[in-house]
Amino acid sequence: MPLSSFPVGQITTKDLSDFQARGKGYLTGVSDGEYLYLGGGNDSFDVPRYNGLQARYKPSTGSISDRRAWEFFDTMSIAPQASGSEGIGFSGNYVYYSPAFGCVDASCSRGDFQGYIVRYNRTKPFTERASWEGFDLMTIDSQLAGYSGVISDGRYVYFMPSCNRAYRYDCPTHGNLVRYDTSKRFDLASSYEFFDLRNINSKAHGFNSGGVFDGRYIYLVPAYNISGYDNQKNLPTSYVAGTAVVRYDTQKPFGDVSSYQAVDVSQLNSLTGGYYGATFDGTYVYFSPNARFVEPSSPRQVKSSLIARLNTKMDFTDPSAWSFYDIGFLSPNARGFMLPTFDGRSVYFSTIGNERKQAALVARYDTQGDFASASSWTYHDWTDQLPEARGSRGIVYVAGSLYTVPSWPDGAHASGLVMQIPVSPSSSVDPSIIRDTKRIEDLAQIAKALSLYFKDNGKYPGTYGTFFWINENNYSGLLPCSTTPGGLKPYLPSVCSLNDPQGYQYAYAKRSDGTYKLGAKFEQLVSKTKIFTYGDGKTILQGGYYEYDIPVGFGSAGNSNASSQSNLAAALISMQETLNKIQEILRNMAR
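Residue positions are counted from 1 within each chain, in the order its sequence is given. Only residues with pLDDT of 70 or above have their local features reported here, since the model is predicted, and side-chain atom pairs are shown and tallied only from 80 upward, although totals for entire chains, interfaces and linings are computed over all residues. Remark: hydrogens and water are excluded; side-chain values derive from all non-hydrogen atoms of the structure.

## Let's talk about the overall build of the protein chain
Working step 1: Tallying secondary structure elements over the protein chain gives three helices and 40 strands in all.
Working step 2: For the protein chain, the residues scored as buried account for 59% of the 591 residues in total.
Working step 3: Contacts were defined at the residue level, with two residues in contact if any of their heavy atoms lie within 4.5 Å. Within the protein chain, contacts between residues separated by at least 24 positions form 58% of all contacts whose residues are at least 6 apart in sequence.
Working step 4: Accessible area for the protein chain stands at about 22500 Å²; split by element, carbon and sulfur atoms hold 47% of it. Working definition: helices are DSSP H or I runs of at least four residues, strands are E runs of at least two. Numbering for both runs from the N terminus. Think of it in three bands: residues with accessible area under 20% of the maximum for their type are buried, residues over 50% are exposed, and the middle band is partly exposed, with areas taken using a 1.4 Å probe on protein chains only. Calculation of accessible area relied on Shrake-Rupley with a 1.4 Å probe; when residues are assessed, cover is drawn exclusively from the protein chains displayed.

Here it is as structure tokens:
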């Protein structure tokens, strides 16, 4: 049997409605490594009181009880439809909020699924209206409404299709995946395109709360397939758990059927399906089990505890790449999970509750253990001790702590109670590892932009013999922030403001054979594989810069060294697996 609990620090809680009356009933949460973001939702069942009160918390400013550490902005001040966000994602300087269920007018007396995307400019104050803007997808097509997740591949932002029309209780699901080109204007219809995933699989609709980007592929999380309509009952007629996991190859045309693959996981395990969110540990994608329908003719659900895991190093369609494990043995409350999170070593799943009551249980899987072994799993259950923390919509890891997403603790009223759960050092990641991971992610974006540049120009930018700061334009031959020939901005709009987590710059140098190298101020030994040099290879860039091997698929076009370059995901997991060894080395060095 597993240990009953995993080590945590002192638990603290704060009700956000103490700060803002409508700060409750949130639908999603996410982190950019510095802030916790919560997406506005529904704060009352009395009338369709959907709210657009977006929240942001900065742990480094103060505790969750410190009002100065929290910021709020009501996106309904932009448009009534800008409420009920079920997904948040990041691309460059912007935070994107997916359009889900929102108000149809300013009084919010009635709600329906909306297509109004909102984005926030992270270089500007969170609380100011000028920092925000919106665009309504329904001006392109009336069916482009109801999205439940946001994923970015560095240039494009993808919105995951969910439901697009409200009935009395439920909604028909759709498969219209939307993509926005960040190199183009946000407010132009021509900047967007959409593709109906049902063209590749009839079950490819009704995805929920995000997806995963592994450096090349985007994975969509199947939640439910709801279709048909009964005029007398004002209800759909068919309810089936979503089982079609879809993968899109970002290196192939968006509108081409051959760019997509789908795996029906119910063909691998008949009890699986009905997921809510996923997370990635550098090798595996974990799908969080939520619920399956009791029968096709009824919206009645049975909560699930069967986690699915995909090995991204293997063929997506190979059954052996998939594994399943039921963690219901942990506790009667260990079912009905929502958004999961990954802290660099462990994966956490937070439950909304079982069929009888809402719950407040968090399960943890230690990725250094066997996925299908009970000894790799532990949990904490605060259901009885903290009733207002029940019904969380997920859990988010930020800077050494887990944070719950406050939602509906009893299914009848909304809560704003956030739990902060400090994770013990044995299961959390040194902050420098997180910063180095962010550096690798940024360099991967730059490498992808360079790959696109190569395809258009037949060569990489710049001249051999010197180095360039990637976000400056004061060197001849390479103008990263320029749209003129030689510039990278058309391929990566955020390049002009792309700095590492500690404010340093990223370095670029062209090799004598026409290929290139990228460098950053890595902090951990695992990242310090080679000192960054330029020109004849003997000139060292001062300041502690180190090279990073460019991942395959991110700028390897035309590069004879591509076969020897490491994959981004492999680099990430390698850093995580060697964490303990690194910390031991650093302790010895400090003696």
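## Remarks on the nonpolar core
Working step 1: We call a set of buried residues a nonpolar core when its members are Ala, Val, Leu, Ile, Met, Phe, Trp, Tyr or Cys and they connect through side-chain atoms within 4.5 Å of each other. Counting residues in hydrophobic clusters, the biggest one holds 24 residues, and the most contacted among them are Leu443, Ile446, Leu450, Tyr508 and Leu518.
Working step 2: Mapped by element, the contributors of at least two residues to this core are helix 1 (431-457), strand 37 (516-520) and strand 40 (546-548).
Working step 3: The greatest single-element share of this core, amounting to eight residues, is contributed by helix 1.
Working step 4: Beyond its immediate chain neighbours, meaning those up to four positions away, Ile446 contacts Ile470, Leu492, Leu498, Tyr506 and Leu518.

## As for the sheet that holds strand 27 (residues 322-326)
Working step 1: Pairing between strands requires that DSSP locate at least two bridges from one strand to the other. The four strands are arranged 22-23-26-27 in an open sheet whose pairing can be described as antiparallel. Edge positions in the sheet fall to strand 22 (275-280) and strand 27, since each of these pairs with one other strand and no more. Strand-to-strand twist of the sheet, defined as the mean angle between neighbouring strand axes without regard to direction, takes the value 20°.
Working step 2: The pairing of strand 22 with strand 23 (residues 284-289) spans four bridges and is antiparallel. From the neighbouring strand, Tyr275 faces strand 23, where its bridge partner is Pro289. Every angle, taken between N-to-C directions, lies between 0 and 180 degrees, and every axis is a line fitted to C-alpha atoms, over only the stretch in contact when it is a helix.

## Examining the pairing of strand 3 (residues 36-39)
Working step 1: Neither face of strand 3 is exposed, since Leu36 and Leu38 on one face and Tyr37 and Gly39 on the opposite face are all buried.
Working step 2: When strand 2 (residues 28-31) meets strand 3, the two strands line up antiparallel, connected through four bridges. Within strand 3, the position partnered with Gly29 by the bridge is Leu38.
Working step 3: Joining the antiparallel neighbours strand 2 and strand 3 is a turn of four residues, in which Gly33 adopts a positive phi near 95°.
Working step 4: Across three bridges, the pairing between strand 3 and strand 4 (residues 53-57) is antiparallel. Looking at strand 4, one finds that Tyr37 is bridged to Arg56.

## Some points on the sheet that holds strand 31 (residues 377-381)
In a beta sheet, neighbouring strands are held together by backbone hydrogen bonds and run either parallel or antiparallel to one another.
Working step 1: Spatially, the four strands line up as an open sheet ordered 28-29-30-31, and their pairing is antiparallel. Both outer strands of the open sheet, strand 28 (341-342) and strand 31, are each paired with one neighbouring strand and no more.
Working step 2: When strand 30 (residues 361-366) meets strand 31, the two strands line up antiparallel, connected through five bridges. Residue pairing across strands places Tyr365 opposite Trp377, the latter belonging to strand 31.

## Here we look at the packing of aromatic side chains
Working step 1: Each aromatic pair joins two rings of Phe, Tyr and Trp (for Trp, the six-membered one) with centres within 6.5 Å, and gets the label stacked for planes under 30 degrees apart, edge-to-face for over 60, and tilted for any other angle. In total, this model carries 45 aromatic pairs according to the counting rule given.
Working step 2: Ring geometry for Tyr96 versus Tyr180: centroids 6.1 Å apart, planes at 50°, classification tilted. One end of the pair, Tyr96, is in strand 7 (residues 94-97); the other, Tyr180, is in strand 14 (residues 176-181), and 84 residues separate them in sequence. Tyr180 carries the same exposure label as Tyr96, and that label is buried.
Working step 3: When the ring of Tyr325 is compared with that of Phe329, the centres are 5.9 Å apart and the planes differ by 70°; the resulting orientation is edge-to-face.
Working step 4: Cluster of aromatic residues (ring-pair linked, three or more members): Tyr284, Tyr286, Tyr325, Phe329, Phe337, Phe349, Tyr365, Phe371 and Trp377.
Working step 5: Either the NZ atom of lysine or the CZ atom of arginine qualifies as a charge over a ring when it sits within 6 Å of the ring centre and within 35 degrees of the ring normal. In this structure, Arg56 packs its charged tip against the face of Tyr35, placed 3.8 Å from the ring centre.
Working step 6: One cation-aromatic arrangement involves Arg119 over Tyr94; the distance from NZ or CZ to the ring centre is 3.7 Å.

## Quick word on the side chain of Ser83
Working step 1: For Ser83, the position within the fold is in the loop between strand 5 (70-74) and strand 6 (88-91).
Working step 2: Ser83 gets classed as buried once you look at its relative accessible area, which sits at 2%.
Working step 3: If we ignore the near neighbours within four places in the chain, the residues touching Ser83 are Tyr50, Asn51, Gly52, Met76, Phe101, Gly102 and Cys103.

## Notes on the pairing of strand 4
Working step 1: Burial within strand 4 is extensive, with five of its five residues counted as buried.
Working step 2: Here strand 4 shows no split at all, with Leu53, Ala55 and Tyr57 on one side and Gln54 and Arg56 on the other all buried.
Working step 3: Taken together, the five bridges between strand 4 and strand 5 define a ladder with antiparallel strand orientation. Paired with Leu53 across the bridge in strand 5 is Asp74.

## Focus on the environment of Leu361
Working step 1: The residue Leu361 is located in strand 30 in this model.
Working step 2: On the accessibility criterion, Leu361 (0% relative accessible area) is buried.
Working step 3: Discounting residues that sit within four places of it in the chain, Leu361 has contacts with Ser331, Asn333, Ala334, Phe337, Phe349, Ser350, Thr351, Tyr379, His380, Asp381 and Thr383.

## A word on the confidence of the model for the protein chain
Working step 1: Summary statistics for the protein chain give a mean pLDDT of 81 and a share of 81% for residues scoring 70 or more.
Working step 2: Note on residues 551-591: pLDDT is under 50 here. Beyond four places in sequence and across chains, it has 79 contacts. pLDDT measures the predictor's confidence residue by residue and takes values from 0 up to 100.

## Quick word on unusual backbone geometry
A negative phi holds for most residues other than glycine; trans holds for most peptide bonds.
Working step 1: Within the chain, Ala399 stands out as a residue other than glycine whose phi angle is a positive 50°.
Working step 2: Of note, Ala399 is situated in the loop between strand 32 (395-398) and strand 33 (401-404).
Working step 3: Given the relative accessible area of 55%, Ala399 is considered exposed.

## Focus: the side chain of Arg56
Working step 1: Structurally, Arg56 can be placed in strand 4.
Working step 2: For Arg56, a relative accessible area of 6% translates into the label buried.
Working step 3: At 2.8 Å, the side chain of Arg56 forms a polar contact with the side chain of Glu71.
Working step 4: For Arg56, the residues in contact, after removing those within four places along its chain, are Tyr35, Leu36, Tyr37, Ala69, Trp70, Glu71, Tyr120 and Phe126. We define a polar contact as two N or O atoms separated by no more than 3.5 Å, with the added condition that, inside protein, one atom must be a possible hydrogen donor and the other a possible acceptor, whereas residues neighbouring each other in sequence contribute only through side-chain atom pairs.

## A short note on the environment of Ser31
Working step 1: Turning to its location among the elements, Ser31 is positioned in strand 2.
Working step 2: Along the chain, Ser31 and Thr341 lie 310 residues apart, while their C-alpha atoms are 9.8 Å from each other.
Working step 3: With sequence-adjacent residues up to four places away left out, Ser31 is seen in contact with Phe90, Val396, Tyr397 and Val398.
Working step 4: There is a polar contact of 2.9 Å between the side chain of Ser31 and the backbone nitrogen of Gly33.
Working step 5: A distance of 3.0 Å separates a polar atom in the side chain of Ser31 from the backbone oxygen of Tyr35.

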